[in-house]
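If you want the building blocks of each chain, they are given just below.
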Amino acid sequence: MDHNHQTRQKLTKQTVSGQAVLSRFFEEILEEQPETVRTIELTYFALTVTTIFYLQYGEQDNKKALIDEVITAVLRKETGRSATNPDLNIETAHQEFKNRLSKYSALITQLLQDDRDHNPIAELVIKFYESATQKSAADKTFSTGKAGTVLSKYIIDNIKYVQREFRTPSPNQG
């Protein structure tokens, strides 16, 4: 099995695993019933995290092409099994993902910066909640602190995963 295929498999698996983590996040932390959460939105968020950190920390020469293949594979899989939105096709999913990638990555980038004047994790939790449930967060009572801690851990765990799996070892590390 070639290196590119292994990389695509690992990134796809990490993204799909992330969807499951995010589903539990909505159920256990935000106390939402699974049927009230747009699973495609969990896919967009998981893909955003995978994409931005692989592009930032991965050291493969063709990482942009590899991540594009992962995005397409994950979106194709999700649109093929979307019971909550059977009309969602791959083209629409790609367009929605591009929009979410832009919004989520800006908030995640702010989150990782030390010099901020506001609380980007709370904003990220609220935007993610509203996109996934199609409801206003103003009507929902949840601890943004607790939710922010869990979502931050998810993001940091993904950074660590990409750094561990996709950095080229130095010659001393064998």
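Now for a quick tour of the structure. A quick note: this is a predicted structure, and the numbers were derived from the prediction, not measured. (Residues numbered from 1 in each chain as written. Predicted model: local features only at pLDDT ≥ 70, side-chain atom pairs only at ≥ 80, totals over all residues. Heavy atoms only, no water.)

## Regarding the pattern of salt bridges
- Summed over the entire model, instances satisfying the criterion amount to 10 salt bridges.
- Between Asp68 and Lys64 there is a salt bridge whose closest N-O contact spans 3.0 Å. You can see Asp68 and its partner Lys64 sitting in helix α3 (residues 63-81), four residues apart, about one turn around the helix.
- Beyond isolated ion pairs, a larger network of salt bridges with shared partners links Arg38, Glu41, Glu96 and Arg100. (Salt bridge = Lys/Arg side-chain N within 4 Å of Asp/Glu carboxyl O. Helix = DSSP H or I, 4+ residues; strand = E, 2+ residues; numbered from the N terminus.)

## Describing helix α1 (residues 3-29)
- In a regular helix each residue adds 1.5 Å, so 27 residues correspond to 39 Å; α1 covers 37 Å between its end C-alpha atoms and thus fits that length.
- Those residues of α1 that fall on the buried side of the exposure criterion are Thr7, Leu11, Gln14, Thr15, Gly18, Gln19, Leu22, Phe25, Phe26 and Ile29.
- Among the residues of α1, the N-terminal cap falls to Asp2, whose side-chain oxygen and the backbone nitrogen of Asn4 are separated by 3.2 Å.
- Glu31 sits one or two residues past α1 and shows a positive phi near 55°. (Expected span 1.5 Å × (residues − 1). Buried < 20%, exposed > 50% of the residue type's maximum accessible area, 1.4 Å probe, protein only. Polar contact = N/O pair within 3.5 Å; in protein donor to acceptor, adjacent residues only side chain to side chain.)

## Thoughts on helix α6 (residues 144-166)
- The end-to-end C-alpha distance of α6, which contains 23 residues, comes to 32 Å, matching closely the 33 Å that a straight helix rising 1.5 Å per residue would cover.
- Restricting attention to buried positions, one finds in α6 the residues Ala147, Gly148, Leu151, Ser152, Tyr154, Ile155, Asn158, Ile159, Tyr161, Val162 and Phe166.
- Considering only its buried residues, α6 is in contact with α1, α2 (39-57), α4 (90-112) and α5 (120-133). (Contact = heavy atoms within 4.5 Å.)

## Topic: the nonpolar core
- The biggest cluster of nonpolar side chains holds 48 residues, and the ones touching the most others in it are Phe45 and Ile155.
- Of all the secondary-structure elements, those providing two or more residues to this core are α1, α2, α3, α4, α5 and α6.
- For this core, the element with the highest residue contribution is α2, accounting for 11 residues. (Core = buried A, V, L, I, M, F, W, Y, C linked by side-chain atoms within 4.5 Å.)

## A few points about the packing of aromatic side chains
- Summed over all chains, the structure comprises 11 aromatic pairs.
- Ring geometry for Phe25 against Phe26: centres 5.6 Å apart, planes inclined by 90°, an arrangement best described as edge-to-face.
- On the accessibility criterion, Phe25 (4% relative accessible area) is buried.
- Seen from their ring centres, Tyr54 and Phe166 are 5.3 Å apart, and the 85° between their planes marks the pair as edge-to-face. (Phe/Tyr/Trp six-rings, centres within 6.5 Å; stacked < 30°, edge-to-face > 60°.)

## Here we look at the packing of α1 against α6
- Put simply, α1 and α6 touch, their axes get as near as 11 Å, and they point 170° apart. As judged from the angle between their axes, α1 and α6 are roughly antiparallel. When α1 is examined against α6, the residues Thr7, Lys10, Leu11, Gln14, Gly18, Val21, Leu22, Phe25 and Ile29 are found in contact with a partner set consisting of Lys146, Ala147, Val150, Leu151, Tyr154, Asn158, Tyr161, Glu165 and Phe166.
- Of the residues belonging to the contact of α1 with α6, the class tally is 11 nonpolar, four polar and three charged. (Axes fitted to C-alpha atoms, helices over the stretch in contact; angles between N-to-C directions. Parallel < 35°, antiparallel > 145°, perpendicular 65-115°, else oblique. Nonpolar A, V, L, I, M, F, W, Y, C, P; charged D, E, K, R; others polar.)

## Quick word on unusual backbone geometry
- For Glu31, which is not a glycine, the phi torsion comes out positive at approximately 55°.
- You can see Glu31 is positioned in the loop between α1 and α2.
- Taking relative accessible area as the criterion, Glu31 reaches 58% and is therefore assigned exposed.
- We note that Gln134 has phi near 60°; this positive angle belongs to a residue other than glycine.

## Comments concerning the packing of α2 against α6
- It is the contact of α2 with α6, at a shortest axis distance of 9 Å, that shows an interaxial angle of 40°. Taken together, the axes of α2 and α6 lie oblique to each other. The chirality of how α2 crosses α6 is right-handed. Between α2, through Phe45, Ala46, Val49, Phe53, Tyr54 and Tyr57, and α6, the contact on the second element is made entirely by Leu151, Tyr154, Ile155, Asn158, Ile159, Val162, Gln163 and Phe166.
- Counted by class, the contact of α2 with α6 contains 12 nonpolar, two polar and no charged residues. (Left-handed = near helix turned anticlockwise from the far one by under 90°.)

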